[in-house]
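Given next are the chains, with one letter for each unit.
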Amino acid sequence: LAVTTAPLSVAVSFLVVRRIGGQPLKELKDGWIKNLLACLDERPLVTVFVLRLLTFLAPGVNYTLALTSVPFQTFFLASAAGLFIPLTAVVMLIETFMKMWGYNMDEMNV
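Keep in mind the model is a prediction, meaning the values are calculated, not measured. (Residues numbered from 1 in each chain as written. Predicted model: local features only at pLDDT ≥ 70, side-chain atom pairs only at ≥ 80, totals over all residues. Heavy atoms only, no water.)

## So, the overall build of the protein chain
Scanning the protein chain for helices and strands turns up five helices and zero strands. Counting helices and strands in the order they occur from the N terminus, the protein chain gives α-α-α-α-α. The C-alpha atoms of the protein chain give a radius of gyration of 17 Å, which is well past the 13 Å a tight globule of 110 residues would have. If you line up the protein chain on its principal axes, its C-alpha atoms span 60 × 25 × 20 Å. By residue count, 25% of the 110 residues in the protein chain fall in the buried class. The contacts of the protein chain with a sequence gap of at least 6 include a subset with a gap of at least 24, amounting to 80%. In the protein chain, 8 side chains carry a positive charge and 7 a negative one; their mean positions are 11 Å apart. (Helix = DSSP H or I, 4+ residues; strand = E, 2+ residues; numbered from the N terminus. Rg over C-alpha atoms; globule rule 2.2 N^0.38 Å. Buried < 20%, exposed > 50% of the residue type's maximum accessible area, 1.4 Å probe, protein only. Contact = heavy atoms within 4.5 Å. Lys, Arg positive; Asp, Glu negative; His and termini not counted. Charge placed at Lys NZ, Arg CZ, Asp CG, Glu CD.)

Here is the structure:
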């Protein structure tokens, strides 16, 4: 459930911010932000993937990327792939803690 709803959540916030804010960061002419965005323009899939691995579900990443020229499809695919590893780790960690604390997953009808 988490593996499907987390990418959906970041996609919705991306689309809302893009609809309201447009893509103003795409139009920057110079400055250090433009240099940072050049990496994003060169390799958007890898950049978004790594950002998701490092920042997980941070809303600021969604908002910032929505204001750039990253296509939605690239954002969604890279986010889904980048979220898979941390989400799987969190789910496994929670399951381990539940077993340690005596919760029986079979009795919970999960």
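## With respect to the confidence of the model for the protein chain
Across the protein chain, the average pLDDT comes to 88, with 95% of residues at 70 or higher. Within the protein chain, the element-level pLDDT minimum falls on helix H2 (residues 32–42), averaging 84, and the maximum on helix H3 (residues 44–55), averaging 94. (pLDDT = per-residue confidence, 0-100.)

## Observations regarding the packing of H3 against helix H4 (residues 59–66)
Running from N to C, H3 and H4 cross one another at 160 degrees; their axes reach a closest spacing of 10 Å. Classified by the interaxial angle, the pair formed by H3 and H4 is roughly antiparallel. By crossing handedness, the relation of H3 to H4 is classed as right-handed. When H3 is examined against H4, the residues Val48, Leu51, Arg52 and Thr55 are found in contact with a partner set consisting of Val61, Asn62 and Leu65. (Axes fitted to C-alpha atoms, helices over the stretch in contact; angles between N-to-C directions. Parallel < 35°, antiparallel > 145°, perpendicular 65-115°, else oblique. Left-handed = near helix turned anticlockwise from the far one by under 90°.)

## Brief notes about the packing of H3 against helix H5 (residues 72–100)
One way to put it is that H3 packs onto H5 with a least axis distance of 8 Å and a crossing angle of 35 degrees. Crossing of H3 against H5: the hand is right-handed. For the pair H3 and H5, contact is made by Pro44, Leu45, Val48, Phe49, Arg52 and Leu53 and by Thr74, Phe75, Leu77, Ala78, Ser79, Ala81, Gly82, Leu83, Ile85 and Pro86, respectively. Class assignment for the residues of the contact of H3 with H5 results in 12 nonpolar, three polar and one charged. (Nonpolar A, V, L, I, M, F, W, Y, C, P; charged D, E, K, R; others polar.)

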